[in-house]
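Working through the structure, step by step
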Amino acid sequence: MRKILPNEECISAAEIVARFASATGFALHATNAGNAAKALGLDFVEVDVERPVEAKWSKKERRYSVIDMPLIFKSLNELAASRARYEN
């Protein structure tokens, strides 16, 4: 696993699937990007996410390096191709 450096740009799984949908036209859920990154053993950083005051819980968001996006996109392309076979 390659460690994320302090100065690297990192984006969330939701941002990754948004870029994937923009590039390919195939919409996936953010969980798919997170699962792909996990399967690839990619490093991530956790950041606190602002929640409404009335929220009773807080969650950290995992953010992945943009350098690793081609690897994640490759996995997402395989998933999209697999799903396309069953949708047609």
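It should be noted that the structure appears before, not after, this text.
What comes next concerns the included structure. All of these numbers come straight from a predicted model, not from anything done at the bench.

We now examine the environment of A37. With respect to the helices and strands, the residue A37 is situated in helix α2 (residues 30-40). A C-alpha to C-alpha distance of 23 Å links A37 and E50, two positions 13 residues apart in sequence. In contact with A37, other than residues within four places in its own chain, are L42, Y64 and I72.

Our next topic: the pairing of strand β3 (residues 60-65). Inspection of the sheet shows strand β1 (residues 10-12) paired to β3 by three bridges, in the antiparallel sense. What sits directly across from I11, in β3, is Y64. Two elements, strand β2 (residues 45-48) and β3, share four bridges in a ladder whose sense is antiparallel. Its bridge partner being in β3, V47 is matched across the sheet by E61.

The next point concerns the environment of D68. Turning to its location among the elements, D68 is positioned in the loop between β3 and α3 (69-87). The spacing of D68 and R2 is 66 residues in sequence and 9.3 Å in space, taken between C-alpha atoms. Not counting the four nearest positions on each side in its chain, D68 is found in contact with R2 and L42.

What counts as what
- Residues numbered from 1 in each chain as written.
- Predicted model: local features only at pLDDT ≥ 70, side-chain atom pairs only at ≥ 80, totals over all residues.
- Heavy atoms only, no water.
- Helix = DSSP H or I, 4+ residues; strand = E, 2+ residues; numbered from the N terminus.
- Contact = heavy atoms within 4.5 Å.
- Pairing = 2+ DSSP bridges.

Interpretation in functional terms is not warranted from these geometric data alone.
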